[in-house]
Amino acid sequence: MTQTTSEQTRALARLRVPLALTWLGMVTERAARALWPLWSLAIALLATLMLGWHETLPIEAIWAVAVVSSVAAVVFLLRGFIKFRLPSRIEALARLDASLKGHPIQALIDNQAIGPQDEASAAVWRVHQARMAERAMQARAVRPKIRLAALDPFALRYVAALLLGIAVLFGSLWRVATVTDLAQGNTGLASGPVWEGWIEPPSYTGKPSLYLSDQEASIEVPVGSQISLRLYGEIGALTVAETVSARTVETGSVADPEQNFTALQSGTLEIAGPNGRTWDILVTPDTAPRVEVTGAPERAADGVMSLPFAASDDYDVVEGKAQISLDLASVTRRYGLGVDPEPRETVELDLPLPISGDRSDFSETLMGDLSRHPFANLPVLLTMTVKDAKGQVSEQNVTHMILPGRRFFDPLASALIEQRQWLLWSRSNGTRVSQMLRAISYRPDDIFRSETAYLRMRVILRRMETQIGFDSFTAEARDEAAQALWDLALLLEDGDVEDALERMRRAQERLSEAMKNGASDDEIAELMDELRQANENYIQQLQREAARNGDNSEQPQGSQENAMQMTQDDLQKMMDRIQELMEEGRMAEAEQALQELQELMENMQVAEGQQGQGQQSEGERAMEDLADTLRNQQGLSDQAFRDLQEQYNPGAQAGESQGNEGRNGGQGRGQSHDGQSGEGQGEGEGQSEQGQDGQQSQNGGQGLAQRQEELRRELERQRGGLPGEGSAAGDAAREALKRAEDAMRGAGDALSRNDLPEAIDRQAEAMDALRDGMRNLGEALAESEQNQGQQGTAEGRQGGTQRDPLGRSPGGSGQAGTDEGLLQGEDVYRRARELLDEIRKRSGESARPEGERDYLQRLLDRF
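Note that the coordinates shown come from a computational prediction; the quantities given were computed from them, not determined experimentally.

A.B. asks: Provide a residue-level description of unusual backbone geometry, including the pertinent values.
C.D. replies: A positive phi is found at Tyr 335, a non-glycine position, where the angle reads about 55°. By secondary structure assignment, the location of Tyr 335 is in the loop between strand S12 (317-326) and strand S13 (347-350). Taking the relative accessible area as the measure of exposure, Tyr 335 reaches 51% and is therefore exposed. Residues other than glycine seldom take positive phi values, yet Asn 754 does so here, at roughly 60°. Positionally, Asn 754 belongs in the loop between helix H24 (728-752) and helix H25 (756-789). The exposed category is assigned to Asn 754, whose relative accessible area is 52%.

A.B. asks: Provide a residue-level description of the sheet that holds strand S16 (residues 397-402), including the pertinent values.
C.D. replies: Spatially, 4 strands are ordered S13-S12-S15-S16 in an open sheet, and the strand pairing comes out antiparallel. Each end of this open sheet is capped by a strand with a single partner; those strands are S13 and S16. Neighbouring strand axes in the sheet, compared pairwise and without regard to direction, differ in orientation by 25° on average. In terms of strand pairing, strand S15 (residues 379-388) meets S16 through 6 bridges, oriented antiparallel. Looking at S16, one finds that Leu 382 is bridged to Thr 399.

A.B. asks: Which residues make up the environment of Pro 352, and what values go with them?
C.D. replies: Locating Pro 352 in the fold gives a position in the loop between S13 and strand S14 (361-368). Residue Pro 352 is classed as partly exposed on the basis of its relative accessible area, which comes to 26%. Taking the C-alpha atoms as reference points, Pro 352 and Ser 363, 11 residues apart in sequence, are found 9.5 Å from one another. Every residue in contact with Pro 352, bar those within four places of it in the chain, is listed here: Phe 309, Phe 362, Glu 364, Thr 365 and Leu 366.

Quick notes on the rules
- Residues numbered from 1 in each chain as written.
- Predicted model: local features only at pLDDT ≥ 70, side-chain atom pairs only at ≥ 80, totals over all residues.
- Heavy atoms only, no water.
- Helix = DSSP H or I, 4+ residues; strand = E, 2+ residues; numbered from the N terminus.
- Buried < 20%, exposed > 50% of the residue type's maximum accessible area, 1.4 Å probe, protein only.
- Pairing = 2+ DSSP bridges.
- Axes fitted to C-alpha atoms, helices over the stretch in contact; angles between N-to-C directions.
- Contact = heavy atoms within 4.5 Å.

This is the structure:
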């Protein structure tokens, strides 16, 4: 029993501190509930005094507010004393006990009421009190519950707190002391005049307003700061003298009760009279912003210009402009640039500004794609200016430079871009440009890789000559021709060649031209990537051809053993070596290595690609027939164009037509541009010309309309037997050929009415639709070949050991692949990196099973 009593005593002793804190919390809680109106009123009065409201109100209003506030304070105080009641120790103990589970404090105070004489019952009671003592020793002070929402439904206490916060930010504690003057009756009228004033800097400076009575004798303010003064008391008792505004007119009276002026220069400000003061005002000027170019202009591979610049200001730069105008004095005035240029508007670009952060001093890069602008690749003047928040504009920063534009490394594309530049320089160059285009296309077989590009240039040339001949070569027509030349140059530069060997040759030629012309690092890197991709596609094409023609490609064992073999690793090393030489500036050695690579790749084509040239497939025959139709349509269009010229200028085009008939002399007669009419491919040029002359004499009585109708019927027949039915590309090809038929029908109707301009337009639509159809048919055939190549060819491989273009033995299953552990058709190193990155990614995913992650980790440790 004694042990139990001692445990109870220790437990109750441990409750002294939490019990005292709980009691203080209850006192605070009851005081807040009883006296919240009183302290809310006190806070509100303090805030009004700090804000200086008592200095602006009449003395009568101030006394009225003081009386009302005093009465309200007494009422609130009496009300608080009536409602307030100190909590007792028992109440605090009950609240503390209620915060504990099982009310252990009450259990310690209680005595056993039943069975105290029973030893077993007494033992249970002692165990119970021991447990309650342990639980009571864990007691913590209870937080007070100050909930005033029900007592203050209008949240007046928060209004008072908000006023106090505003007073702390914008008021002054020193103003509270002035209330004693009011209490003694020392008003402005009785004790003398008073004043107050503020200085407000311009908002863009971000500087705070200054209260004059709190400032020292010397003040530094930004130029343009607004000074406001208020004079109270008898008029004339206080006067203002200042030399900072530089005012000469409308100065007003020095004794005006309210005065406002702007600080424009350093000087003095004096308030003369009782309680007057004098300040020395130092006005800091706002200098104009500055901008300058910090580096040379750079050109990306796609022709986008980048020009670094830096701008600064005392506060903030809010706007910037870059104007680009032609530097005519620096232009080399020769050839098409020898004539006077047409006036062009100045190009204006917005300078980029930081989205966030400080704009007083920053560096940025001006970006712009001006490759298609007439000023591209010509000397220009770039003028930069920036403006600050005050509206001041910086001095012009003028940079002389060549406006960066896209570079064309294909010689033909570069020539077309030069003619486009002459055309945009002045419309008077139209005749010169058309003559140059005729000269370029005089021997098309030597320079044009595809008939599509040649035919597009003929269309551009024909339209230009027609418009120039009829004095309808307007600015809009000139811009349309310039856009067409740009598109044609892109076609020649980037190409849409479907043959992998042609793409590879083009990539090699472009890279070689870039090395000769001193291309930038970005352009070299882009061309190297293009060459890698072209070589990869070429090897894949040779693999597919080897798989399709395996049964016809048996060769003696000795010849295969003596054949040169090259792995993809060797090819990668050669290309890496070329890029390394270019990065080191050894362009001659790089060009020689590139030539060696080209010879190796073409020799690979001779050894492996000249197989299986047997019968043509159905798709190849369809492509050749459509190509013949396109050539014949172009010939008809040229003949209609010459007839149109003869109508308005008889005999003027005869000599030119005979001397410039197009490819192999047959273009203007509706025959094949290659001197063929779809058959007899083995005949020479002379025999082709004889056949064309005979055909011309045979059809001498036929009109162009009849020939157009025959060509439409031939196209209708070809469309009926077109392969690739059921595929998306095949259906698109049929739809394009249907559009071509409709355009041919319209051209025939126009020719029957002798409406040659309308007929030429419809014929151009027909040729565009034919090109679309041929492109879609090519895609359909490529899909069909890819599906067939995936099936493999198991026949015809027992006669000897074959190797693919990389020198690898085929797999035992007879597929085009190999059983060796090498990747085919793509970059080995790139693929390996992709696999390792994927393994690392999966090994770090905690959601995967632990066994799988352990396996992936072992793979990473091994490789």
